[in-house]
Amino acid sequence: AYIIQTQQQGKPLSLEFAASEESPLFNLALVVKNWGESGASLKLNGREVPRGRDFRYGIEYDVEGNAHLIVFVKVKAKETTNVTLMPVE
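First things first, this report covers the structure right here in the doc. (Residues numbered from 1 in each chain as written. Predicted model: local features only at pLDDT ≥ 70, side-chain atom pairs only at ≥ 80, totals over all residues. Heavy atoms only, no water.)

A word on the sheet that holds strand β7 (residues 67-77)
Remark on secondary structure: sheet strands pair via backbone hydrogen bonds, oriented parallel or antiparallel. If you trace the 4 strands from one edge of the open sheet to the other, you get β1-β3-β7-β6, paired in mixed fashion. Here the strands that pair on one side only, and so sit at the sheet edges, are β1 (2-5) and β6 (55-61). Strand-to-strand twist of the sheet, defined as the mean angle between neighbouring strand axes without regard to direction, takes the value 20°. Pairing analysis gives 4 bridges linking β1 to strand β3 (residues 25-33), with the strands arranged parallel. For Q5, the partnering residue across the bridge sits in β3 and is K33. (Pairing = 2+ DSSP bridges. Helix = DSSP H or I, 4+ residues; strand = E, 2+ residues; numbered from the N terminus. Axes fitted to C-alpha atoms, helices over the stretch in contact; angles between N-to-C directions.)

Take it as geometry only, folks, not as evidence of what the structure does.
See the structure below:
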């Protein structure tokens, strides 16, 4: 999993993955530390992906009570891929 530290709870998070033929992006897993307690919506290359089989998430709390977002995205890409996570209530 990619572990990302965020300092701005409640703000969208945009990531770009430089996938290629030699280094494809396959089934992306993310841990976004300090995300907060809100859920998330996902855009993959500008297209919304509904929560379900291809996009799953959960909130995990550490011993200090900080809320972290755990994300799974079913994806196969051999080109640059943009991922945007947006908080939802």
